[in-house]
Each structure stands twice: as C-alpha cells, then as structure tokens.
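Tertiary structure, described
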Amino acid sequence: MNTIIDVLESVLAKYALVTGFAVIGVTVWISYVLSDRLTKGRLHGSAIAIFIGLVLAYYGGIATGGSKGISDIKALAGVGIMGGAMLRDLAIVATAFGVRMDEFRKTGLSGIVSLFAGVIISFIVGATIAYAFGYRDAVSLTTIGGGAATYIVGPVTGSAIGASSEVIALSVAAGLVKSILVMTLTPFLAKYIGLDNPRSALIFGGLMGTTSGVAGGLAATDPKLVPYGAMTATFYTGLGCLLGPSVIFIAIRALF
Amino acid sequence: MAIYGTALLSLCLLVGIFVGKLIGILIGVNANVGGVGIAMLLLILLSERLQKSGRLEPPSERGIIFWSAIYIPIVVAMAASQNVLAAIKGGPLALIAGTVSVLVCFALVPLISRLGKADTTPDAES
C-alpha cells in the first residue's frame, strides 16, 4: 500500500504542472457547481474558487510551515508553478488581447491620479495604525505604511531605510491581508462603488495596487474588467518602491 | 498556427518585463516598474497592426486566447499559493492596517471616477 502511495506521489511531483492543472481544474469545477446549486449563480463561481484556493493555502501553511500555501506540499508543487509570477503575468497580458487602445487613452489621467492617491493613502493609513499601536520611529512607521501599500513595497522600503526584520515581517503580513481582502471583497462591493466599466476598473487597479488582489478581485467580479485594473496595478508597486524610501520617508521623518 | 500567437504574447511579456526592470534601475528602485503594463500595451499595438495587415490569422489568435481563457484558473492557483497563514498570524496590527487601507481605497473609487468625469465629459463624450 505504501509503495502505491509513493509511486503516486512521485508521479504527481514529477508531472508537477500537469498535476496543478488537474487540481485547479477540479477546484474550479466544484466551485461552479456550488455556485449554481447553493447560490443559484449569485455568488460567482470564480469568487468561490478563489476563496477555496485561499483556504487550501491556509491549510498548506499549517501542514508544512512553508510560505507558499498548498504548493509547499510536494505533490502539489505544480499549483505554485501554475499560480506563480511567470504564468500569471503571461495570462494577465493575454487578457489585454482585443482591448482597444482608446479605452486606456480616455482614462489616462484618472489612472495616474488614482495611482498616486492609492500609494500615498495606503502609506498614511498604515503609518497611522502603526502609530496607534505604539510605533514612534519614522523607519517603522514608513515600513508598515509600505506594507499597507503592497507586500512588496513594505519589505523593499523597509530594507532600503533599515527597518528591523520584525517590522518588515509585519509589513509583509499587512500587505498579504490587503491582497486577500481585495480578492474576496471586490465581488461584493463592486456594485456599491460603480465598478462595472473599464474606467472605474482602471481607477480601482491604481488605488488598490496589489496585482494579485486586483487580478483575483476583478476576475471574480467581471473578467472583462481584468486588463484595465491590471494595467494600472502593475505600475503601483514600482511607484510605491520609488516614493516609499524617498519622499514619503522624508515626510514622515519630518513629522516625528 | 497557435504557437505564433503564443510566441507573440511571450515576446511582449519578455520585452515588457525587461523594459520595466530597466526603468526600475533608471529611477533607482529594485523593482520591475510597469513591466506587465508595458507588455499589455505592446500586445494591443502589435496585434492591432498585425490584424489590420491580415498577418494575425484566427488559428494564431487562438494561441493568445487560450492564455486569456486560462486566466481565472491561474488566479485560483495563485490564491492557493499565497502565504495566508502569515497574513492571519501577523496579528491585529497587520489585520487592521491591511483592512483599513483596503476599505479607504474602495471608498475612493467612486470619488476619483467622478473627479475625472467632470473634467472630460464636455468634449470627450457626446
């Protein structure tokens, strides 16, 4: 019996990406069935699938103690390849196929406004909450502020200005919370914030900035909006890494 | 052939990420600035051109459309590989900082949408 399990595990591990396609395919199928039967399609199948994915990631983390969710389980490493940056970026770019250039040009300016607003506000919110929790030094405040932007801006900013590893870990956690919340809340809040057209999707991407959150949230809301949100979100982390250790750090240091 | 479309898509992504990294170095941040966005613009421009001149035929297009169709499953796989445990273990500070910034940004979407519209509606849309 043990040999059978060993053989199975070695096959799954060797054909990792194929295993990923199979596992995710089944997950998506179950989600769409649940969406149909339990919610009569009101809760979108992809929203359920993303939620199941997050739950699996949580159990993966508990089971292995690793940092890559379910893909830390050897036989399921392929899920990590499938959902890694390489294929994710390839698929995001592919969603732009068939989009017309004018759509981007029309919203250019509000896209830029939303980017700057999104980065600066996240830093302010993050730093304010860190202040409320007793942090008083500009380095920690800026780093946690960066985490409220994205889980990449936080550590990049933190290591640039010399934050402690404990604070950097906190900033990553804050960024992860943000990304997960954007993935799960967007389909529910979309109608209240007018998120139903390319223009608001572009602004949404610029304000939220977390590529994974925006990618997941918009996919579960309306896949047609994905390229618009992804377009602005892709500039967010870069802008955050640029402003965080420079302008924003200097501003926060001037205050404290 | 489908591979032509997939190759076009891949080239756009590679060029985009490369340029994004160069921009990152230029402005002195250790990150890829807008690489995916640049790749998207490239794909839109190139595919529009090739379609007009009749050189991107439906069989080749399928090599792009497949990847766009597989996008949601890829996002599900991405969700399943997130460090959810660390997010929850981050404690109240991380939870509150993440939550509040998300809620504030949600609230700002309609505000900024309106801002821009007031500027452009008179001549842009009619």
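Model, not experiment: these values are computed from the prediction.

Reading the values: rules and limits
Residues numbered from 1 in each chain as written. Chains lettered and ligands numbered in written order. Predicted model: local features only at pLDDT ≥ 70, side-chain atom pairs only at ≥ 80, totals over all residues. Helix = DSSP H or I, 4+ residues; strand = E, 2+ residues; numbered from the N terminus. Buried ≥ 20, exposed ≤ 12 C-beta atoms within 10 Å, placed from the backbone. Contact = placed C-beta atoms within 7 Å. Rg over C-alpha atoms; globule rule 2.2 N^0.38 Å. Domains from an automatic or database assignment. Nonpolar A, V, L, I, M, F, W, Y, C, P; charged D, E, K, R; others polar. pLDDT = per-residue confidence, 0-100. Expected span 1.5 Å × (residues − 1). Axes fitted to C-alpha atoms, helices over the stretch in contact; angles between N-to-C directions. Left-handed = near helix turned anticlockwise from the far one by under 90°.

**A short note on the overall build of chain B**
Helix and strand content of chain B: six helices and zero strands. Put simply, chain B runs from its N terminus to its C terminus through helices and strands in the order α-α-α-α-α-α. Expressed as a percentage of the 126 residues in chain B, the buried residues total 48%. Within chain B, contacts between residues at least 6 apart in sequence are counted, and of these 53% link residues at least 24 apart.

**Side note on the overall build of chain A**
Helix and strand counts for chain A stand at 13 helices and zero strands. Each helix (α) and strand (β) of chain A, taken in turn from the N terminus, gives the series α-α-α-α-α-α-α-α-α-α-α-α-α. Against the compact-globule benchmark of 18 Å for 256 residues, chain A has a radius of gyration of 20 Å, which places it among compact chains. The contacts of chain A with a sequence gap of at least 6 include a subset with a gap of at least 24, amounting to 63%.

**Comments concerning the domain arrangement of chain B**
Split into domains, chain B comes out as domain 1 (1-82) and domain 2 (84-119). Between domain 1 of chain B and domain 2 of chain B, the C-alpha centre-to-centre distance is 28 Å.

**Regarding the interface of chain B and chain A**
Contacts between the two partners involve 66 residues from chain B and, on the opposite side, 95 residues from chain A. Those elements giving two or more residues to the side of chain B that touches chain A turn out to be helix H1 (2-26), helix H2 (35-52), helix H3 (58-69), helix H4 (71-80), helix H5 (84-89) and helix H6 (91-124) of chain B. Ranked by the residues each element gives to the side of chain B that touches chain A, the list is headed by H6 of chain B, at 21 residues. When its residues are assigned to classes, the side of chain B that touches chain A shows 47 nonpolar, 18 polar and one charged.

**Structural notes on the environment of Glu-48 of chain B**
Position of Glu-48 of chain B among the secondary structure elements: in helix H2. Here the alpha-carbon distance between Glu-48 of chain B and Thr-6 of chain B, two residues 42 residues apart in the chain, equals 16 Å.

**Side note on the domain arrangement of chain A**
Residues and elements named next belong to chain A. Here chain A is described as being made up of domain 1 (2-83) and domain 2 (101-255). Taking only C-alpha atoms, the centre of domain 1 and the centre of domain 2 are 27 Å apart. Its residues assigned to classes, the side of domain 1 that touches domain 2 shows four nonpolar, two polar and no charged.

**A word on the confidence of the model for chain A**
Here chain A shows a mean pLDDT of 88. Residues at 70 or above account for 100%. Of all the helices and strands in chain A, helix H6 (residues 101-106) of chain A carries the lowest mean pLDDT, 74, while helix H4 (residues 77-82) of chain A carries the highest, 95.

**Brief notes about helix H3 (residues 45-64) of chain A**
Residue and element names in this part refer to chain A. For H3, spanning 20 residues, the distance from its first C-alpha to its last is 28 Å, which sits close to the expected 28 Å at 1.5 Å a residue. Among the 20 residues in H3, 14 count as buried, and that is most of the element. Once H3 ends, the next one or two residues include Gly-65, with phi positive near 75°.

**Describing H4 of chain B**
In terms of burial, H4 of chain B is largely enclosed, as 10 of its 10 residues are buried. Buried within H4 of chain B are the following residues: Tyr-71, Ile-72, Pro-73, Ile-74, Val-75, Val-76, Ala-77, Met-78, Ala-79 and Ala-80 of chain B.

**Looking at the confidence of the model for chain B**
Close inspection of predicted coordinates is inappropriate for parts of the model with low pLDDT. All names here are of chain B. Mean pLDDT over chain B works out to 84, with 89% of the residues at or above the 70 mark. Mean pLDDT across the elements of chain B ranges from a minimum in H6, with 78, to a maximum in H1, with 92. This stretch, residues 119-126, has a pLDDT under 50; its non-local contacts, to residues over four places away or in other chains, come to one contact. Here the prediction assigns the complex a pTM of 0.81, and the interface score ipTM is 0.86.

**Some words on the packing of helix H5 (residues 85-95) of chain A against H4 of chain B**
Where H5 of chain A contacts H4 of chain B, the axes come no closer than 9 Å and their chain directions differ by 150°. Where H5 of chain A crosses over H4 of chain B, the two elements pack in a sense that is left-handed. Here H5 of chain A contributes Leu-87, Arg-88, Ala-91, Ala-94 and Thr-95 of chain A to the contact with H4 of chain B, which in turn contributes Tyr-71, Ile-74 and Met-78 of chain B. Of the residues contributing to the contact of H5 of chain A with H4 of chain B, the split by class is six nonpolar, one polar and one charged.

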